[in-house]
Amino acid sequence: MNDTLLWILSGGLIVAGLAGTVLPALPGTLFVLAGIVLGAWIDDFTRIGWVSVVAVSVLAIIAWVLDYVAGLLGAQKAGASRYAILGAAIGTVVGIFM
């Protein structure tokens, strides 16, 4: 595949990820991470090094965990029972693999 098309795809993933920060149906963090990893891979990690990719990956994992925890805390604040929160947590983890 042509490098220009890959760069366009990388930029498109990042833009879609930015849109995903306000549109709940899009996995914004995943798209931004995929765009950055693709951009790094295109140039064999010369412009975007491994340190940057690892740093962005760590930030993405932190964002996923905080999103998950915020949902659980929001459900608890809204008055959900302990079993409802436990069921939601288990459903989220199982749902990742579906």
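No experiment lies behind these values; they were computed from the predicted model shown. (Residues numbered from 1 in each chain as written. Predicted model: local features only at pLDDT ≥ 70, side-chain atom pairs only at ≥ 80, totals over all residues. Heavy atoms only, no water.)

Draft legend 1. Representation of the packing of aromatic side chains in the model. This structure, assessed with the given rule, holds 1 aromatic pair. For the ring pair Phe 45 and Trp 50, a centre distance of 4.1 Å and an interplane angle of 10° mean the geometry is stacked. (Phe/Tyr/Trp six-rings, centres within 6.5 Å; stacked < 30°, edge-to-face > 60°.)

Draft legend 2. Looking closely at the environment of Asp 43. Checked against the element boundaries, Asp 43 lands in the loop between α2 (28–42) and α3 (50–77). In this structure, the C-alpha to C-alpha distance between Asp 43 and Ile 96, residues 53 residues apart in sequence, is 31 Å. A distance of 3.2 Å separates polar atoms of two side chains, one belonging to Asp 43 and the other to Arg 47. (Helix = DSSP H or I, 4+ residues; strand = E, 2+ residues; numbered from the N terminus. Polar contact = N/O pair within 3.5 Å; in protein donor to acceptor, adjacent residues only side chain to side chain.)

Draft legend 3. Focus on the side chain of Ser 10. Within the secondary structure, Ser 10 is located in helix α1 (residues 3–20). Judged by its relative accessible area of 4%, Ser 10 falls in the buried class. Those residues in contact with Ser 10, other than ones at most four positions away along the chain, are Gly 35, Leu 38 and Gly 39. (Buried < 20%, exposed > 50% of the residue type's maximum accessible area, 1.4 Å probe, protein only. Contact = heavy atoms within 4.5 Å.)

Draft legend 4. Examining the pattern of salt bridges more closely. Scanning all chains against the criterion turns up 1 salt bridge. The partner of Asp 43 in a salt bridge is Arg 47, with the nearest N and O atoms 3.2 Å apart. (Salt bridge = Lys/Arg side-chain N within 4 Å of Asp/Glu carboxyl O.)

Draft legend 5. Region of the structure containing the environment of Leu 13. In this structure, Leu 13 sits in helix α1. For Leu 13 and Ala 34, which are 21 residues apart along the polypeptide, the C-alpha to C-alpha distance reads 6.8 Å.

Draft legend 6. Inspection of the packing of α2 against α3 at higher detail. Where α2 meets α3, the axes come as close as 10 Å, and the angle between the chain directions of the two elements is 170°. Classified by the interaxial angle, the pair formed by α2 and α3 is roughly antiparallel. Contacts between α2 and α3 involve Thr 29, Leu 30, Leu 33, Ile 36, Val 37 and Ala 40 on the former and, on the latter, Val 53, Val 56, Ser 57, Ala 60, Ala 63 and Trp 64. Within the contact of α2 with α3, the residues separate by chemical class into 10 nonpolar, 2 polar and no charged. (Axes fitted to C-alpha atoms, helices over the stretch in contact; angles between N-to-C directions. Parallel < 35°, antiparallel > 145°, perpendicular 65-115°, else oblique. Nonpolar A, V, L, I, M, F, W, Y, C, P; charged D, E, K, R; others polar.)

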